[in-house]
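Summary of the model geometry
So you can see what is in the structure, the chains are spelled out below.
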Amino acid sequence: MNIVVCVKQVVDTAAEKRLDPASFRLDRSGENVLNPYDEYAVEEAVRLKEKHGGEVTVLCLGPDTAAEAVRKALAMGADRAVLVTDPALAGSDTQGTAYALARALEQLEFDLVLLGLMSTDAQTGQVPAALSALLDLPLLSVLNRVEVEGALLRVHRQTDQGYVAYECPLPAVLSVAKGINEPRYPALKGIMGAKKKPLEVKDAAALGLDPSRMGAGGAKTRVLAVRVPEPRKPGVKVEDDGDGARKIADFLVQEKLL
Ligand SMILES: Cc1cc2nc3c(=O)[nH]c(=O)nc-3n(C[C@H](O)[C@H](O)[C@H](O)COP(=O)(O)OP(=O)(O)OC[C@H]3O[C@@H](n4cnc5c(N)ncnc54)[C@H](O)[C@@H]3O)c2cc1C
């Protein structure tokens, strides 16, 4: 079974996020990590390989520094990786990102594409749906259980009430929910082994990307301005000397909420 897992490199979740005042793009010059939501997708891919055999390929679009995040996924047990990197891809919006990933997938053999629920920086959650549409494959998202039986997928989609069970023939695009599994910590052997695993680098030309569909020039969304949100007004504290309810009612009337 050939599984491709898409991973993104993001700014360290603990680090302060800064936007470049000129381009309004996220400053990625500091500490970066493998997108935490993608660790669940990598773990799920490796578990499916351990159960059914086959190969796990990591696919990442990002700056050349993203090779670090890719190496972490290889250390977790993936077999090989493709890093799509090209200055021309900078400023791509979610459509541009999905387009480049779809073209890269067309050059790979796969039965299943796994993605995380969202990135911790842009958090749009749009890439899985955009990718499945471009590949013309079914999307099963927010999954907290994935099982494969021959050429059939049996999955549970997480809902507020519990889950919904789906069956779907392979190939398909899946996004997995946080908590679907416990991502393993790469052991030293895995980290050392990851350095030897194949990591192929492809640029826009290698994928035959249409410049009008990628990068800042091809983006369908543009950030016009950025401002720091107003600090929230402190709440109103009501001392209850037996008349708390009346004070709250008065406050709600005053605020025209009653
Ligand atoms: C703060 C900020 C806000 C942004 N807002 C928008 C916006 O509103 N609209 C817009 O179009 N673009 C936006 N972008 C730009 C950029 O388009 C997105 O970061 C990028 O396209 C991926 O979208 P995402 O991070 O929301 O991914 P999501 O859709 O949240 O990610 C879902 C999954 O897709 C996969 N994935 C996402 N990115 C990659 C990648 N580069 N390589 C491999 N797999 C990947 C991962 O498995 C991930 O878990 C923003 C960027 C930033 C930094």
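Just above sits the structure.
Residues numbered from 1 in each chain as written. Predicted model: local features only at pLDDT ≥ 70, side-chain atom pairs only at ≥ 80, totals over all residues. Heavy atoms only, no water.

Let's shift gears to the sheet that holds strand β5 (residues 80-84). If you trace the nine strands from one edge of the open sheet to the other, you get β9-β8-β7-β10-β6-β1-β4-β5-β11, paired in mixed fashion. Here the strands that pair on one side only, and so sit at the sheet edges, are β9 (163-169) and β11 (199-202). Shown here is a sheet whose adjacent strand axes are inclined to one another by a mean of 30°, direction ignored. Bridge count between strand β1 (residues 2-6) and strand β6 (residues 112-116): four bridges; the pairing is parallel. Within β6, the residue paired with V4 across the bridge is V113. Across the sheet, helix α2 (residues 67-75) lies against β4 (55-61), β5 and β11, angled at about 160° from β5, the strand it touches most. Where helix α4 (residues 127-135) meets the sheet, its contacts fall on β1, β6, β7 (139-149) and β10 (172-176), and the angle it forms with β6 comes to roughly 160°. (Pairing = 2+ DSSP bridges. Helix = DSSP H or I, 4+ residues; strand = E, 2+ residues; numbered from the N terminus. Axes fitted to C-alpha atoms, helices over the stretch in contact; angles between N-to-C directions. Contact = heavy atoms within 4.5 Å.)

Let us look at the site of the ligand. Around the ligand sit 29 residues, and of these K8, D38, T97, S119 and T124 come closest. Taking T94, its main chain carries an N or O atom lying 2.9 Å from an oxygen atom of the ligand. Between T124 and the ligand, the recorded distance is 2.5 Å, taken from a side-chain N or O atom to an oxygen atom. With the chains in place, 84% of the 930 Å² that the ligand exposes on its own is no longer accessible. Of all the elements in the fold, those that place two or more residues in the shell around the ligand are β4, α3 (94-106), β6 and α4. Looking at the shell around the ligand, its residues break down into 13 nonpolar, eleven polar and five charged. (Near = heavy atom within 4 Å. Polar contact = N/O pair within 3.5 Å; in protein donor to acceptor, adjacent residues only side chain to side chain. Areas by Shrake-Rupley, 256 points an atom, 1.4 Å probe, with all protein chains shown as cover. Nonpolar A, V, L, I, M, F, W, Y, C, P; charged D, E, K, R; others polar.)

All we've got here are geometric facts, nothing functional implied.
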